[in-house]
Amino acid sequence: MWRYLFRKVSIYVVTFVVAVSIDWAIPRFMPGDPIQGLLSRMQAQPQASEELTSFYTEAFGFDVPLWKQYLNFWAALFQGDLGLSITNYPIPVTELIMGALPYTLALLVPAILLSFWAGNKVGALAARRKTLDNTVLPMSYVLTATPQMWLGIILAWVFASSLALFPVSGAYGFALQPEWSVEFARSFLHHWILPFSALFLVAFGGWAIGMRNLIIYELEADYSNYLASLGAPTRLVRKYAYRNALLPQITGLALALGAVVAGAIVVEIVFSYPGLGTLTLNAIENRDYFLIQGIFLFLITGVLIANLVIDIAYVFIDPRTRVGMQGGA
Amino acid sequence: MSLKVDGLTVYYQSLRGDVKAVDGATFEIADGEIMGLAGESGCGKSTLGKSLVRMDARMRYVDGRVELDGKELPVWDDRKMNPYRFKHVSIIPQYALSALNPTRKIGTMATELLASRDIPLNGVVDEFKRRLKIVGLPEDVLERFPIELSGGMKQRVVMVLSSLLDPSLLIADEVTSALDVSTQRAVSELLVEFRDRGFVKSMIVITHDLSVLYQIADTILVMYAGKLAEKAPAETVVHAPAHPYTRMLISSLPEVGVRYAEKRLIGIPGRPPSLLEPPTGCRFKTRCPLAFEKCAEEPPFVEVAPGQAAACWKATA
Ligand SMILES: Nc1ncnc2c1ncn2[C@@H]1O[C@H](COP(=O)(O)OP(=O)(O)OP(=O)(O)O)[C@@H](O)[C@H]1O
Ligand code: SF4
Ligand SMILES: [Mg+2]
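Conventions we followed
Residues numbered from 1 in each chain as written. Chains lettered and ligands numbered in written order. Predicted model: local features only at pLDDT ≥ 70, side-chain atom pairs only at ≥ 80, totals over all residues. Heavy atoms only, no water. Helix = DSSP H or I, 4+ residues; strand = E, 2+ residues; numbered from the N terminus. Buried < 20%, exposed > 50% of the residue type's maximum accessible area, 1.4 Å probe, protein only. Contact = heavy atoms within 4.5 Å. Areas by Shrake-Rupley, 256 points an atom, 1.4 Å probe, with all protein chains shown as cover. Buried area = accessible area lost by both parts, 1.4 Å probe. Salt bridge = Lys/Arg side-chain N within 4 Å of Asp/Glu carboxyl O. Nonpolar A, V, L, I, M, F, W, Y, C, P; charged D, E, K, R; others polar. Donors = N, O, S within 2.8 Å, 3.2 Å for Na, K, Ca; no water. Pairing = 2+ DSSP bridges.

Peer 1: I'd like a rundown of the overall build of chain A, residues and numbers included.
Peer 2: On a plain count of helices and strands, chain A comes out with 13 helices and 0 strands. Across its three principal axes, chain A shows a C-alpha extent of roughly 90 × 60 × 35 Å. Looking at chain A residue by residue over its 329 residues, the buried ones come to 45%. Counting only contacts in chain A whose residues sit at least 6 apart along the sequence, the fraction spanning at least 24 positions is 74%. For chain A, the exposed area adds up to about 17100 Å²; of that, 69% sits on carbon and sulfur atoms.

Peer 1: Provide a residue-level description of the interface of chain A and chain B, including the pertinent values.
Peer 2: At the interface, 24 residues of chain A touch 28 residues of chain B. A combined buried area of about 2300 Å² lies between chain A and chain B, and 59% of that area is made up of carbon and sulfur atoms. Here chain A is connected to chain B by 1 salt bridge. Those elements that place two or more of their residues in the side of chain A that touches chain B are α9 (222-229), α10 (234-270) and α13 (319-328) of chain A. Classifying every residue of the side of chain A that touches chain B by side-chain character gives 12 nonpolar, 5 polar and 7 charged.

Peer 1: Can you tell me about the coordination of the magnesium ion (ligand 3), naming the residues and giving the values?
Peer 2: Residue and element names in this part refer to chain B. Distances from the magnesium ion (ligand 3) to its protein donors, Ser46 (OG) and Gln94 (OE1), fall within 1.8 to 2.2 Å. You can see Ser46 sitting in helix α1 (residues 45-51) and its partner Gln94 sitting in the loop between β6 (89-92) and α3 (106-116), a full 48 residues away along the chain. Taking the relative accessible area as the measure of exposure, Ser46 reaches 17% and is therefore buried. Residue classification places Gln94 among the partly exposed positions, given a relative accessible area of 43%.

Peer 1: Which residues make up the pairing of strand β10 (residues 227-233) of chain B, and what values go with them?
Peer 2: Residues and elements named next belong to chain B. Where burial is concerned, most of β10 is hidden: 6 out of the 7 residues are buried. Across 6 bridges, the pairing between strand β9 (residues 219-224) and β10 is antiparallel. Bridging from a neighbouring strand, Leu221 pairs with Lys231 of β10. Connecting β9 to the next strand, β10, in antiparallel fashion are 2 residues, including Ala225 with a positive phi near 50 degrees. Across 2 bridges, β10 lies against strand β12 (residues 308-310) in antiparallel orientation.

These figures come from the coordinates and say nothing about function on their own.
Structure, rendered in structure tokens:
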């Protein structure tokens, strides 16, 4: 058991190191000089320019050899220091990310959990009722095949532009400041519904189809037939089938996380939602390498941790993996 | 009479038409009788066994009546049949090795099943443990997952569970086929012990292995291509079979005590007919060395000697 956990965690650590290294390397080996870009945007006087260049080079740590930059990067990382933003100099990248993160989490976490929950429930129901199967299934296929950005644009067009039921962009009204008040909460929810729906619906379709197919398979499995032969009520047979069908769905959840995060980024951009997605767009437009690097690092770490948690949780819910571990250890 | 089956006809629905897997089965089983059910693969043994307990989604009840202990079994009505299952008629399925939910401990599964049938747990769980001991399993299998048991152990768990509520009739489908020879012997002897201890009143033992039946069965029913061919006491079937098909089955055994499963293709030339379009008249006529004009008509399944019934014009003549 512990050996298994150790092995799992090691794999994740290695993945993390590789991902971080790539994340470090990409902006440094990308064409274009970030400092020149910054200076040209500041429209500095030519005589000041040289001085500024050396100042920024030092400030961003570009004045030491690459290997040292790499080590410094790791050292800073462990202190939670991701460097300074170039566009918003001298605001630390971490601060910008922390400002945007709550908005992204507010979209992502409910979208992932609710779509998983609702998709599985509805998929399981669809497998039992013909009418539901004939409506939910085609709808789910359409939903899951729709890119989140597309759905986001359609939702914005129909419910925001045409029907004017919801605001088109932002996370709260212009006149408001983030605070703990009923007014802010209401405005926040109002802005939240459309981007959330775009993420939720696409994921929901996928889970519903998956569960519907899996549960039909489980209901035809030998153990289901045996239970029914012993007169077990449909309730029990379905409960077992549902539980067992949920296991591959949980593995699927781990695999889908990356895609959902990517979806959240584009949906935020569609709705100008002030989360990590919009921050990424701004960072890319402004070649703010440290910011891009910091956001990616954050997303990678988040997805990896979530995967690790699911992996470990899986061991506790599927006895078959446990037995396999004993055999292998 | 414990079980009375009259004209039971069950088809499978398939895209190419009805598979006539059990056609007009009529037989009786006495209290305490262990009836062996034999015949080539695909002749409808499992279908007959399953239709007495639960028809699966593709099976279609066509005709016939079943009576257990003098009461009609509503085999055609899945819902009405439910109260009888497990309590009065129970089955050890052919797929016993995969019959247990892989993600539930044996004990948990059993108690959830019993609770779902509104059966008070207190006495039954102790009885379950006691019977596990009888079949040679440690009590702690209740705490294990199916994957932690060997094939033979799973087979026994299913055996004990299926018969836990002392049903009148237990159908044991190929309980020995997946096991090695010594385990086979132990498991088949356990079946007899279950009957002797009164855990089950009577039994249908389905198997490929005639030698197993010879050891444990009181009577043997031979099926051919969805039809009953012959039913008689085990001794009679082995030493004085009336139906040409039974005779060929027996003579294809080098000696009693050797499995015929591996030998049957050598023993009986030709293949069993398709059950989609079975031959009219006697279904065995395409392979029968004794076939004559009359065999174009269907031979009735009738008594040919005291206690011996067969469906063959030659046997009645
Ligand atoms: N779901 C199904 N759909 C269509 N035909 C089926 C189905 N299940 C079984 N059959 C057919 O019904 C016939 C009887 O099958 P059955 O399982 O009763 O045979 P069996 O005598 O138990 O064979 P075995 O000894 O191999 O277990 C076979 O010819 C088989 O092809
Ligand atoms: S009825 Fe005819 S074909 Fe059928 S078994 Fe008897 S002799 Fe053979
Ligand atoms: Mg069978």
